[in-house]
Structure formats: C-alpha cells, structure tokens
Amino acid sequence: MSQPPRQPFQPIARKPSQGSTAPFHPRNRHQGRYDFPSLLACCPALANVLITTPSGETSIDFSRPDAVRLLNRALLQLHYDIAHWDFPVGYLCPPIPGRADYLHALADLLAAATGGVIPLGLGIQVLDVGVGASCIYPLLGHREYGWRFVGSDIDVVALASAGTILSSNPGCADAIELRRQSNAAHILSGVLRADDRFELSLCNPPFHASAAAANAGSQRKWRQLGKPAPARSPAHLNFGGQANELWCRGGERAFLAQMIRESVDARSQVLWFSSLVSKAEHLLALRRQLQSVGAHEVRVVAMAQGNKQSRFIAWTFHDAAAQFNWRQRWK
C-alpha cells in the first residue's frame, strides 16, 4: 500500500550556504548547509567523498559523479525515506534540491485555486514527461505530497532502472506507473490513454540542439567548477546524461514547441501543463505560441537555487469555471 501524504514541510531557519544568493522554495527540505552528520548516518559511504573547503566547511567535490550520486542517495534516505536509489552509470544524476523546488512550485499552482490549501494524496495525478533512470520527480512528489504519478520515457534502460527503484521502495510501485513512449517523434501522443486525467504535467526537456552543443555546455560547467574537462565530456559530467536527456534536433525551443502543439489535443486530459525552460530568451516565443493555440492562462514561475536562476512555464486551456469543475473531483 502507498504511504499517506506527509504534511507540508516547514523548514527550520539555517545559516545560508556559502556563496548562496537566493533562497530555495520555503517548503524545500534542503535549506542552508547540508547536515552531513545525519547524511553520513544514512549513507556511511558518503564519508569516502567528503572534502574540506578552503573556508573549513565540510562538503563534497561536485565535479565527481560518484560524490554527487552518494550525496543524493543520502538526501533521499534522510528526507524522503527512499532506501534504494541507484541507476546505470552515464544517466542523468539530478540535483535533488532544484528538482524539489519545481514540485513545490507546482503544488503552489494547484493551491492558488483552493485558498492556499495544497491538495494531497493519490487523487492528484501527475505526468512526468521523461521520467529518466533516476525516477526523481515521482519519488519526491509522492513522498512529499502523496500524489500519484505516471512517468514516461523513450529509453527502455531508463525505464527498467526506474522500475527497479520503485519495486525496491515500499509504497512507490503502487503510486507510480511507468510507460514507454515508443515513438521518439512524439512527446504526449501515444503516452496518454483515453481515461487519463492529470492535474499536472511536468518536464525537464533536453535543451541542447546537438551533441556538439551539449559538449560545449559540459565544458563550460567544468570550467565553472574550476576543473579540467575530461576527454569524454559530457558523459562524464558530474550530473551525467544520455544523448536523449541532453539534446534533440532544434534544442529546447523545438521540443517545447512540439509539446505545446501536442498539448492542444490533450487539453481535456491535463489541467496544467508545465516544463522547465533553461533559456529565458525562449519565453516570448513560447508565450506567443500558447496564445496562438488558445491557452486560457500562461504562467512563468521563477526559481532560484543559490547562484543558479531557473524557471518553468505552465499553461492551461481551462477557464475558471472548468477549473472549478475539475477540482470537484478532489473532494
């Protein structure tokens, strides 16, 4: 049986992380510095990758994929009761605090129409487009809010990995379904079933337009970390990623343009569509396209994790009356 949803987390004020200029979402469990003693108790292997920064603080070397993976594993066990989390080397290893921010902001999107009360439990259904080998969004969203998820992907290895994670953590397989997108030319089409109804869809799209662009982006990240780039970048980047996770023809703009086109046909099945947008300069064109296809409302939600600025775009084809009728199913 799936676990009951937790009450929304109220963070304890902590000293900001070194170099941090912007806060996480108020409900994000990862405020301030990492609690390494507690993390080590959950994942003793993390001790093998700890370093001391020039300022004397305990941290990890974020240029090491094994260090990032162990930190994530400890965070998931400590904060979300995920005891098993592993996937094949080379697949995207997501930064958990940033992924949590996206989910919390989506919860706010739903709560805005319910007097600030976040709807909890399996009655809220979410589609994760590109669930990946780590299955990170469904794991966080189910543990935090008790929501039910469908995760889609074109990669059979990624889906097998996600399935192993789910079957290894009690309650997850009952609340999270995995589906293969068998046609790589489509995003939503072929994944949605006639009786599906989702309150939310979310996506972390591939944002490079080519393998060369992905490699150049990887090189920039290594320079920002102050490390020499390895010969086989970007596969050896600290957060990894397969080709389909990092780039597609036309890049992020083309991917999101197609998602918007497909969302028109799926408009009766999804209350709010959404996607991360890595490049702010794409927002104007996306807004114009959404206006042209008849989106009733479009929102751009800014997020920040330390020095990193990010955002997602969300849109709905439902007017106020239709949204009210949809919400009656939650009661």
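Residues numbered from 1 in each chain as written. Predicted model: local features only at pLDDT ≥ 70, side-chain atom pairs only at ≥ 80, totals over all residues. Heavy atoms only, no water.

Colleague: It is not clear to me how the overall build of the protein should be interpreted in this structure. Could you clarify?
Modeller: Along its length, the protein carries 11 helices and nine strands. Here the analysis covers contacts within the protein between residues at least 6 apart in sequence; of these, 69% occur between residues at least 24 apart. (Helix = DSSP H or I, 4+ residues; strand = E, 2+ residues; numbered from the N terminus. Contact = heavy atoms within 4.5 Å.)

Colleague: Before we go on, may I ask you to explain the packing of aromatic side chains in this structure?
Modeller: How two aromatic rings sit relative to each other is set out by the distance from centre to centre and by the angle between their planes. Using the criterion set out here, one finds seven aromatic pairs in the structure. Measuring from ring centre to ring centre gives 5.0 Å for Tyr102 and Phe312, while their planes differ by 35°; the resulting arrangement is tilted. Here Tyr102 is found in helix H3 (residues 96-111), whereas its partner Phe312 is found in strand E9 (residues 308-316), with 210 residues between them in sequence. Aromatic side chains Phe273 and Trp315 sit 5.7 Å apart centroid to centroid with 15° between the ring planes, which places their arrangement in the stacked category. (Phe/Tyr/Trp six-rings, centres within 6.5 Å; stacked < 30°, edge-to-face > 60°.)

Colleague: Sorry if this is basic, but what is going on with the confidence of the model for the protein here?
Modeller: Detail in the predicted coordinates should be disregarded across regions flagged by low pLDDT. Scored by pLDDT, the protein has a mean of 85; 79% of the residues are at 70 or more. The model gives residues 9-21 a pLDDT under 50, and that stretch makes 24 contacts with residues more than four places away or in other chains. Predicted confidence for residues 241-248 stays below pLDDT 50, and this span has 31 contacts to residues more than four positions away or in other chains. (pLDDT = per-residue confidence, 0-100.)

Colleague: Help me out: how do you make sense of the nonpolar core in this one?
Modeller: Counting 59 residues, the largest nonpolar core has Leu46, Trp85, Leu139 and Trp147 as the members making the most contacts within it. At 10 residues, the largest contribution of residues to this core is made by H3. With sequence-adjacent residues up to four places away left out, Leu139 is seen in contact with Ile82, Trp85, Ser134, Ile165, Leu166, Cys172 and Ile176. Val129, Ile187, Leu290 and Phe317 belong to the second largest nonpolar core, which has 25 residues in total. (Core = buried A, V, L, I, M, F, W, Y, C linked by side-chain atoms within 4.5 Å. Buried < 20%, exposed > 50% of the residue type's maximum accessible area, 1.4 Å probe, protein only.)

Colleague: How should the pairing of strand E4 (residues 148-153) be read in this particular structure?
Modeller: As a general feature of sheets, a regular strand has side chains that alternate between the two faces. Of all six residues in E4, five are buried, a share of seventy percent or more. Looking at chain direction, strand E3 (residues 125-129) and E4 are connected through five bridges and run parallel. Paired with Asp128 across the strands is Gly151, a residue of E4. In this fold, E3 hands off to helix H4 (residues 136-145), which returns the chain to E4; that crossover is right-handed. One ladder, built from five bridges, connects E4 with strand E5 (residues 176-180); its direction is parallel. (Pairing = 2+ DSSP bridges. Right-handed = clockwise from strand over helix to strand, strands pointing away.)

Colleague: What exactly am I supposed to notice about the environment of Asp155 here?
Modeller: Structurally, Asp155 can be placed in the loop between E4 and helix H5 (156-167). Through-space distance from the C-alpha of Asp155 to that of Arg180 is 7.4 Å; in sequence the pair is 25 residues apart. Polar side-chain contacts of Asp155 include one of 2.9 Å to the side chain of Tyr91. Only 3.1 Å separates the side chain of Asp155 from the backbone nitrogen of Ala158, close enough to count as a polar contact. (Polar contact = N/O pair within 3.5 Å; in protein donor to acceptor, adjacent residues only side chain to side chain.)

Colleague: Quick question: what am I supposed to make of the pattern of salt bridges here?
Modeller: Taken as a whole, this structure holds 11 salt bridges when the rule is applied. The shortest N-O distance in the salt bridge between Asp108 and Arg27 comes to 2.8 Å. Of the two residues, Asp108 is situated in helix H3 and Arg27 in the segment before helix H1 (36-42); the sequence distance between them amounts to 81 residues. In this structure, Arg299 engages Glu297 in a salt bridge whose closest nitrogen and oxygen atoms are separated by 2.7 Å. When its relative accessible area of 24% is taken as the criterion, Glu297 is described as partly exposed. Linked by salt bridges that have partners in common, Glu177, Arg179, Arg193 and Asp196 make up one network. (Salt bridge = Lys/Arg side-chain N within 4 Å of Asp/Glu carboxyl O.)

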